[in-house]
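Listed here are the chains, written in short residue letters.
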Amino acid sequence: NAGVMQNPRHLVRRRGQEARLRCSPMKGHSHVYWYRQLPEEGLKFMVYLQKENIIDESGMPKERFSAEFPKEGPSILRIQQVVRGDSAAYFCASSGGQSQETQYFGPGTRLLVL
Amino acid sequence: SQQGEEDPQALSIQEGENATMNCSYKTSINNLQWYRQNSGRGLVHLILIRSNEREKHSGRLRVTLDTSKKSSSLLITASRAADTASYFCATALSNTGGFKTIFGAGTRLFVKA
């Protein structure tokens, strides 16, 4: 049973470009969470999605950031017109199956904005 | 401030010693979880303790939960160099069919061989 997959693992963008981060949850999981982590800090909750629905986006910046989890395919975190302050590690987690409480994390995508 | 806050922020011990990390939180919770993160990697789930539980063990890990003080502790016994990592507590709030999880800033543990 493959774990949570994220790609790309590293992403470099210039200011003003778009960044697309992908997350494939564990098999059988229908809940996806996105977090952002700055160096030497903890994870900050961004958004919680179930298939085709955004359940809680209270941690998402109001502008430039969006997330989706379509019926087919991975969850996508999209950052438009990136700025240097967007540089961080973005982690995806999934839950579901027998224990919806435990979240299983992917390896993260490290975004660097030049 | 953040729902879960760990202390100490950093801890350095010798191999074989025990390591204790504490976590405090502010609101009522459904459960509290501890995660570990090696440098540059994703988080690994260690242990979950529910709000009606007081203590839980898993191998060399022992977690306690005091809901009256809104605090938890993680004890790693007989530490090894491989335990060097950051440890985060996360509190879960029931939220519309799932759980919103709030992470603390973490305790950075360094175990010297």
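Q: I'm lost on the pattern of salt bridges in this one. Help?
A: Any two side chains of opposite charge can pair if their charged atoms end up close together. Going through the model one piece at a time under the given rule, you end up with eight salt bridges over all chains. One salt bridge in this structure joins A:Glu18 and A:Arg20, with 2.8 Å as the shortest N-O distance. Here B:Arg36 makes a salt bridge to B:Asp83, at a shortest N to O gap of 3.9 Å. On the criterion of sequence distance, the pair formed by B:Arg36 in strand 4 (residues 31–37) and B:Asp83 in the loop between strand 8 (71–76) and strand 9 (85–95) is long-range, its members being 47 residues apart. Relative accessible area serves as the criterion here: at 6%, B:Asp83 is assigned to the buried category.

Q: Can you help me understand the environment of A:Gly106 in this one?
A: Examined against the element boundaries, A:Gly106 turns out to sit in the loop between strand 10 (99–105) and strand 11 (109–113). For A:Gly106, a relative accessible area of 1% puts it in the buried group. Each C-alpha atom, one on A:Gly106 and one on A:Arg9, is 9.9 Å from the other, the two residues being 97 residues apart in sequence. With near-sequence residues (within four places) excluded, A:Gly106 lies in contact with A:Val4, A:Gln6, A:Phe91, A:Cys92 and B:Gly42.

Q: Sorry, what's going on with the sheet that holds strand 1 (residues 5–7) of chain A here?
A: Strands in a sheet are paired, the pairing made by backbone hydrogen bonds, and the direction either parallel or antiparallel. Residue and element names in this part refer to chain A. Strand order in the open sheet formed by four strands is 1-3-8-7, and the pairing between neighbours is antiparallel. Two strands lie at the open edges of the sheet, namely strand 1 and strand 7 (65–68), each paired on one side alone. Sheet twist, expressed as the mean angle between neighbouring strand axes with direction ignored, is 15 degrees. As defined by bridge partners, strand 3 (residues 19–24) adjoins strand 8 (residues 75–79) across five bridges and the pair is classed as antiparallel. Across the sheet, Arg20 pairs through a bridge with Arg78, a residue of strand 8.

What counts and how
Residues numbered from 1 in each chain as written. Chains lettered and ligands numbered in written order. Predicted model: local features only at pLDDT ≥ 70, side-chain atom pairs only at ≥ 80, totals over all residues. Heavy atoms only, no water. Salt bridge = Lys/Arg side-chain N within 4 Å of Asp/Glu carboxyl O. Helix = DSSP H or I, 4+ residues; strand = E, 2+ residues; numbered from the N terminus. Buried < 20%, exposed > 50% of the residue type's maximum accessible area, 1.4 Å probe, protein only. Contact = heavy atoms within 4.5 Å. Pairing = 2+ DSSP bridges. Axes fitted to C-alpha atoms, helices over the stretch in contact; angles between N-to-C directions.

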